[in-house]
Structure formats: C-alpha cells, structure tokens
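Spelled out from the first residue to the last, the chains are:
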Amino acid sequence: MQTEPLILHPQSQPDAEALRRAIEYHLRYTIGKNVKAAKLTDWRMAVTRAIRDLVIAPWFETTERVRAERPKRVCYLSMEFLIGRLLEDAIDNLGLDEMVREVVEAFDVDYNALLTDEPDAALGNGGLGRLAACFLDSMSTVGLAAHGYGIRYNHGLFRQSFEDGWQTEEAEDWLRQVHPWEFERPETQYRIGFGGDVRKEDGHRQWRPEETVLAVGYDTPVPGWRGRWANTLRLWSAKAEREFDLEPFNRGDYMAAAAPSVLAETVSRVLYPDDTTEQGKELRLKQEYFFTAASLADILRRFLAHHDTDVTRLPEFIAIQLNDTHPAIAFPELIRLLVDVHELPFASAFETARNCLHYTNHTLLPEALERWSTDLMGRVLPRHMELIDQIDSHHAKLVKRPASVKIVDHGEVRMGDLAFIGARRVNGVSALHTELMKQTVFKDLHALHPERIINQTNGVTPRRWLYNCNPALRGLLEERIGKGWVTDLEQLQSLAPLADDGDFRQRFAAAKRENKLRLAGHLERTLGVTVDPEAIFDIQIKRIHEYKRQLLNILETAAQWNAIRRDPGADWAPRVKIFGGKAAPGYVMAKQIIKLINDIGATVNADPLMEERLQVVYPPNYNVSMAELLIPAADLSEQISTAGMEASGTGNMKLAMNGALTIGTLDGANIEIAEAVGRDDIFIFGLTAEEVAAAREAGYDPAAHIEAEPRLAEVLEQIAAGVFSPDDPQRYTGLVDNLRQNDWFMVAADFTAYWEAQRRVDAAWRDRDAWNRSAVLNTAHMGWFSSDRTIRGYARDIWQAEPAF
Ligand code: 26Q
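As the structure is a computational prediction, the values presented were derived from the model and not from experiment.

Draft legend 1. Inspection of the site of the ligand at higher detail. If you check the shell around the ligand, you find 21 residues, and the closest are Thr 276, His 362, Asn 458, Glu 646 and Gly 649. At a separation of 3.3 Å, an oxygen atom of the ligand approaches a polar side-chain atom of Tyr 547. Interatomic distance of 3.3 Å between a backbone N/O atom of Ala 647 and an oxygen atom of the ligand. Bound to the protein, the ligand loses 94% of the 610 Å² it would expose on its own. Examining the composition of the shell around the ligand, we find that 3 residues originate from one element, helix H6 (residues 127-142), more than from any other. When the residues that make up the shell around the ligand are grouped by side-chain class, the tally is 5 nonpolar, 9 polar and 7 charged.

Right under this line is the structure:
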C-alpha cells in the first residue's frame, strides 16, 4: 500500500485513486486504525484530514499574497460564530462531492452517515452568530484579507430536549472528540489581566492586574469558493499560567491542586445561552475582555512586525469590525495599549482607535442593550473604567453635546454609546432598522455625528444556504442557468422568465417535493412522526422570543383547529405546522410558549378530524444542520415579528431563496424582501412599525381587539380553561392574563390580519400552478440577499478594503 501523505492542490483536481490513498493514509497514521477496525467516526476523521490537506495550499498562498501585497486587513471580532458542520461544506466548495461519495462508498461506508456524524460547531445563539459565519464564507469568496476572532468555547449552545413538552437543557460537548479542522497555536499566546489596581509610575498610569489568564490561539482555515482564497478564523481558549499546584497534590488535596486551571479555564468554558443580555454577569464581562484583548494584542503584534512601528498608521492597514457591543471594550483597550504601552497622547490615541473601529448594531430592544455597572467594570477592569470616564469627557469637549449624551450614567456604562463614540462607522442591518436606530436609541448621538450611521442590509451565503443544502434545486439551476450564480447570486434573475414556463414550474415543484420527502423521512426516522408531503409545510424556525411571536402562530393554529372541527367537510388546505427553536434557559415566558406549542400540538395531532388537514411538529434541538434540512423543504416561511422589533432576520432570506413564500409583517429585512419579490408573491399583513409605536402611544388595549375577534377570544378561553392542559388547567393563566391585559407584542392587534393572510395562503395553495410560479419568482428575486453583496458593501463603505475578486 502506498502511504505517502496526500498534498494536493485544488486547482489540480485529485483523482479518485489519490483521494482513496489519502483517506487510507490518514486512517492509518493520523487516526491509528486500519480499515477493519475503523468505526464511522474514524472514517469521518480520516476523510476530514484528507480534505483539510486540500485547503492548506490555498491557505498558505493567501498568506503569502497578503504579506507581499499588503492589502488592508479586516478583523471581524465576534463573541459568536455559529458555523455548523464543516466537512460537507468544504467538499462542496472544492467541487469534490461526487468523487468523495464514490470513494467513501467503495470502503463500504455510508456517506450520508459519515457527513452527519460531525457535530455542529454551535458557538453562537442565533442570527448574530450565524451572520458572522456567513461573513467568513463571503470574505474568503470575494478575496478580502480577513481574520475572524472569537472564543473557542468548550461547550457551545446547549442541547434542547422536551420532557413532557417542556424544554430541558443539556450541556453541549462538541470538543469531546478532536476537532479535526483546527490547528492549535501554542506559540500564539497572550497574557490577559483582570482586577488589581492602577498606579502612577514615571508619569504614566500603569495597570497592575491581580489575576492573569493565557489566551491560546486555535486557527481554522476558511476556504472561499473553489479554494481560490482562504482566510483564518482564530478562536481563543483560556489556559492557566500555572496548570496545577504540586503542594496540595502531595497532601492528597487533588481539588485544590487543580484549582488554578479550573478557575482560569472557566473563562472560555461555555457560551452564554441568552440572546439578549444576561445583565451584569462578571464572567460574561471577562469573556468579552478576554477575547477582545487577545485579538487586539494579536493585531498589534502583526502590524508592528509587518507594517510599521508608527502605531498612528494602524487605520491605514487595519479595519476592525465589532459584531454588536460584545467586543466594545476594544475602544478603551486599544487606547490603553496606545497610551500606556506606546506612549501616545490620549487625544491621538482616541483618534487612532476610532479610525480603526466600526460597530454593527443588531438590536433596538432596550433589555438587549449592554450595560455594566461601574462597580463591576471598575473591579474587573480598573484601568478601562478610568479610560471610559476620560473618553466621555474628551467626547464632551469635542462636540457640544446635550446633557443626555453620556457613556456613564446612573452608575452604569452604556456599551452602545461607548461603541458609537469609538467607531468611525456604525451600521444597522436592514433599512428599517437603520432608520429606527437614528430615530430612537442613537437619536442624540446621530444628531451630533450625522455621517456615522449607515445601513448594510444582511445577507446569507448562497454556498451553504442554496448550493449545499438544496442539491435538488441546485441541479435544476445548473441545467438551466449554469453555475455562475454561486458567486454572483443576482444571476438568479434569469430564472424570472422561466416562471412562465409550465415545464420549468413542474421541475421546480419536483425539486421542492424531493426536499419535502427527505424531511419527511428524517421526521419519521428521528421522531416516529409521519407527515404528508402533499400538505403545506409551514415553517417557523428561530429563537423563541415574545417579539418573534411564535404565540401568534400557535394561537392561529388553535383557531384553525376550532374552525376545522366546526366544518370538517370544507375544502381545507392541508398544513403541517413546523416549529424549531430554543428558549434562553432563564426566559420563563419563552419556555411557557414552547410548552403551549407542544400542548396544542398534542391536542391537534390526537384529533382524528385533523387527519390530512392540520398537524403540528416541533422537533427538538433546532440547529444549523436541522435548518439545512428544513429550509429547502419549506413552502411557507413565517416571519411575523411585531413590526419594529426584528432588526433584520436572515432565516427569512434563506427560506425565500429556497422558494418558500413568506407570510410576514413589515419588519426588518422583510420589507426589502417584499420589494424584491413584489407584493403579489408574498403575504404581508399587520401593523407597521409606525402604527405599533402610535398604538402604544395611544395606550394600546388588547381587550377591544379580542372582543372584536371571536376566534381569538375562543382560543384564549380554551387555553385559560385548560382545554390543552387538562392535567394542569391553571398552567397558562399568567400567559392568557398577560395577553388580555398587557400584550406588549400586539398579538391581539395583529391576529385578525394574520388569520386573513393565512386564508389567502390557503386560497393561493389551491391554485398550485400559480403557487409554483410565485415560488420560482421568490428564488429568482432573492439574489441581492447574498452575503457577498453585503460584504462588498462593508468593504466599500466601511472598511475601504479592496476584494481580490
Ligand atoms: C449579550 C450579553 C450577555 C449575554 C448575551 C448577550 C447577547 C448574545 C447574543 C445579546 C444578543 C445576542 C444576539 C443577537 C442577535 O442574534 N440578533 C439578531 O441579529 C441578526 C443578524 O443581524 C438579525 O438578523 C436579527 O434580527 C437579530 O435579532
């Protein structure tokens, strides 16, 4: 047997025999198994190593090219990267899917099982983390010199299961097995300090931390399309300076012996599972500072080594993007490095830092805006607390600001204001969201700095979210419009005329059907649930949040159950309502909503009258991989947030791109999607953001709406009476009272409009050919929502960086 390591270049496609040898080589020498003894995971590891070898050459070439040409570098700092699986993505990227399948099957290994054996890298909560992952893909595909920086959590987002319909959480454990994509960089270590005090030494203020933790870098190559370019994702892991104490060990006190490493390593142990702020948690602040400080130290080291010794030139070579306020401590930290280490005057440090930094805002929800008490900040980061005060007064000197503008207020540091003041550009993530930023949370700051806020509407990577997850549609597209769309998604436009071609519509519908059957098979295997592929697959997948209004969806489902029972003979459009999503473990109302969906679902599903009419399915543990299965199978996409509250949404884009029709409010990027696909091919309903604000202003009262809508009144009475929870009739008293008396998210106000929009959906479904035409047009008009477009926008308007392609 030939046992040479395989080092192939993607531009010279490997042949099947070389690939076979490479896999066998890795199985033997990297994994230490022979063909007879190898288990599925061993095979997966061996295949992964063989594929990883293929991205090494482009990775090194990119590094060389960037060294030589010195383009401006982009550093994307994000507390979350919700990546999902990497193997299939890499194989598809390199164009090797058929060959790898063949080779793997020749070893008598199930290829699909091998791909799904990989655990998801779930280092994020939802939209913000997934956006960061799409951006990594796009930055490599358009050829930007970029680094992602984040945290290598030992435990990603928790695993969700349902016990008697209630959410329970279990620790996620993706690093139990070796993560075969990463390279540990033990030589890339930085010492990160916490606590202590600040002293004056030879005229300089110097921070003496009380505690230090090492940040160790782990690099994952991020290949762009066809391996033309590859950037790096560098994740930091916390390590103790002193692993372990011998003295207590010798005494037999093993716990005390291990204490130093247990404490230090806690910093990167687990992702906070809350997608709004979990206010005031000391460990969270330490995580934020830990990865931000390590990333800045890394950026500065590289700049000094390769560019210049004049740190004021940093902004010419480096653009740093802050993904929300989580890394906003970067502003005082960079000033600290420039003033305390490089001895720049404060004003010059302020300007230098500000010219490097850019901040993306992802939410207007007041409870999600980060604030830290000055006590905590002063205790954990005493020098930064001083600098924040100095930043605040310096800003006051620079502009004539009203008294309302201050970073430190009522004993709290407002991180949004800190990030705004420290950034050269601030961006929102959809047109509406950016407007609302100007009118609400950043009104005063916007008046002082009117050029600073700009919009960059989100996008999603068409590689993962169309090409890879939807092979059926991919095949059809390749046949009719070629492959150029994969890196130039606007080419989907040329599908538009085909919407009028009956044969094409049939083929498009057949691809959708294939995806629905694939999902049906999965639900059967994993849950034992049978779904009818002829029904409308009506899908709402996202974190469970009151503003996202899963409640509106499930209340309408219950109303439909009532209506069908009253008139089972009517011509009902059959539906399968599919929900997916996790609730933050401490979010009591969200967990109640999950239970209510499961309770109503159980009642509906047990009713023989609902057969072939209505069904509710809620598979547990929604994650990136499940999204890849659900999205291509969706007929209807639920995007029904209270207008003004969803910053953008990105699931809305993935679903429409895959030919689902949207039922949605005029919120976030839904507005831009509606403009792109046209009002005839989308179901828009409900209050606008302005109307929501006006209704609240006028003293909104849900009671009037409930009274005017007997369908809703009936459902609320049923829930309150325990119809769906006979084992505990009082279960939803609080939930129903809240809807009747308060209803901050305006479920009652939008219920009738939603019900009517759903009946328009039913009617549209009856003319299947017209539906299919709309579906084609949705895909055809979604090209603008590629994250390649978004990234080119950031490069042009924010970073002033030049993509290579
Ligand atoms: C902060 C501090 C402490 C604990 C948790 C957090 C935290 C973590 C995650 C706060 C917010 C998040 C995530 C926010 C998020 O995902 N926002 C979504 O961002 C998407 C990408 O821009 C948008 O499409 C969504 O509309 C927005 O909700």
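Draft legend 2. The pairing of strand S6 (residues 166-170), seen in detail. By the bridge criterion, 5 bridges tie strand S5 (residues 159-163) to S6 in an arrangement that is antiparallel. Paired with Phe 162 across the two strands is Gln 167, which belongs to S6.

Draft legend 3. Structural detail: the packing of helix H21 (residues 550-566) against helix H30 (residues 747-766). Relative to each other, H21 and H30 sit at 55°, their axes nearing to 10 Å. Overall, the two elements H21 and H30 adopt an arrangement that is oblique. As for the relative orientation of H21 and H30, their crossing is right-handed in sense. Residues Leu 552, Asn 553, Leu 555, Glu 556, Ala 559, Gln 560 and Ala 563 of H21 lie in contact with H30, whose contacting residues are Val 747, Phe 751, Tyr 754, Trp 755, Gln 758 and Arg 759. Considered class by class, the residues forming the contact of H21 with H30 number 8 nonpolar, 3 polar and 2 charged.

Draft legend 4. Summary view of the packing of aromatic side chains. Evaluated as defined, the whole model comprises 29 aromatic pairs. Ring geometry for Trp 225 and Tyr 467: centres 5.1 Å apart, planes at 75°, overall edge-to-face. Of this pair, Trp 225 sits in the loop between strand S10 (211-223) and strand S11 (230-239) while Tyr 467 is found in helix H18 (residues 462-468), placing the two residues 242 residues apart along the sequence. By relative accessible area, Trp 225 is classed as buried at 9%. Judged by centre distance (5.2 Å) and plane angle (90°), the rings of Trp 784 and Phe 785 are edge-to-face.

Draft legend 5. The arrangement of helix H11 (residues 330-341) in detail. Between its terminal C-alpha atoms H11 stretches 15 Å, which fits the 16 Å expected from 12 residues at 1.5 Å a residue. Of all 12 residues in H11, 11 are buried; the element is thus mostly enclosed. Those residues of H11 that sit buried are Ala 330, Phe 331, Pro 332, Glu 333, Leu 334, Ile 335, Arg 336, Leu 337, Leu 338, Val 339 and Asp 340. Within two residues after H11, Glu 343 carries a phi angle of roughly 60°, on the positive side.

Draft legend 6. The arrangement of the nonpolar core in detail. Ranked by internal contacts, the top residues of the largest apolar core, which has 258 residues, are Ile 51 and Trp 799. When residues in this core are grouped by element, the largest group, 10 residues, is from helix H9 (residues 282-306). Counting residues in each nonpolar core, the second largest holds 5 residues, with Leu 365, Ala 368, Tyr 547 and Met 645 among its members.

Draft legend 7. Broad picture of the pattern of salt bridges. Tallying each qualifying case throughout the model produces 69 salt bridges. Among the ionic pairs, Arg 242 bridges to Asp 245, the shortest N-O distance being 2.0 Å. You can call Asp 245 partly exposed: its relative accessible area is 22%. Between Glu 709 and Arg 711 there is a salt bridge, with its nearest N and O atoms 3.4 Å apart. Connected through salt bridges with shared partners, the residues Asp 538, Glu 556, Arg 575, Lys 577, Glu 638, Arg 759 and Asp 762 form a single ionic network.

Draft legend 8. Structural context of helix H19 (residues 471-481). Where H19 is concerned, the buried positions are Ala 472, Leu 473, Arg 474, Leu 476, Leu 477 and Ile 481. Phi turns positive one or two residues past the end of H19, at Gly 482, with a value near 80°.

Draft legend 9. Here's a closer look at the layout of surface pockets. Quantified by volume, the largest pocket comes out at close to 1,200 Å³. Lining the largest pocket are 40 residues; nearest its centre among them are Glu 88, Asn 112, Thr 116, Arg 518 and Leu 629. Elements with a contribution of two residues or more to the lining of the largest pocket: helix H3 (87-93), helix H4 (97-106), helix H5 (111-116), H18, H19, helix H20 (502-527) and helix H23 (624-630). Residues belonging to the lining of the largest pocket are distributed by class as follows: 14 nonpolar, 10 polar and 16 charged. Size it by volume and the second largest pocket reaches roughly 580 Å³. Taken together, 21 residues make up the lining of the second largest pocket; nearest its centre are Leu 436, Thr 440, Gly 644, Ala 693 and Arg 696. Only helix H16 (431-439) and helix H26 (689-697) provide two or more residues apiece to the lining of the second largest pocket. Sorting elements by how many residues they give to the lining of the second largest pocket places H26 first, with 6 residues.

Conventions we followed
- Residues numbered from 1 in each chain as written.
- Predicted model: local features only at pLDDT ≥ 70, side-chain atom pairs only at ≥ 80, totals over all residues.
- Heavy atoms only, no water.
- Near = heavy atom within 4 Å.
- Polar contact = N/O pair within 3.5 Å; in protein donor to acceptor, adjacent residues only side chain to side chain.
- Areas by Shrake-Rupley, 256 points an atom, 1.4 Å probe, with all protein chains shown as cover.
- Helix = DSSP H or I, 4+ residues; strand = E, 2+ residues; numbered from the N terminus.
- Nonpolar A, V, L, I, M, F, W, Y, C, P; charged D, E, K, R; others polar.
- Pairing = 2+ DSSP bridges.
- Axes fitted to C-alpha atoms, helices over the stretch in contact; angles between N-to-C directions.
- Parallel < 35°, antiparallel > 145°, perpendicular 65-115°, else oblique.
- Left-handed = near helix turned anticlockwise from the far one by under 90°.
- Contact = heavy atoms within 4.5 Å.
- Phe/Tyr/Trp six-rings, centres within 6.5 Å; stacked < 30°, edge-to-face > 60°.
- Buried < 20%, exposed > 50% of the residue type's maximum accessible area, 1.4 Å probe, protein only.
- Expected span 1.5 Å × (residues − 1).
- Core = buried A, V, L, I, M, F, W, Y, C linked by side-chain atoms within 4.5 Å.
- Salt bridge = Lys/Arg side-chain N within 4 Å of Asp/Glu carboxyl O.
- 1 Å grid on protein atoms, 1.4 Å probe; cavity = no way out; pocket = protein on both sides within 12 Å on 5 of 7 lines; lining within 4 Å.
- Points joined across faces, edges and corners; volume = space filled by probe spheres on them.

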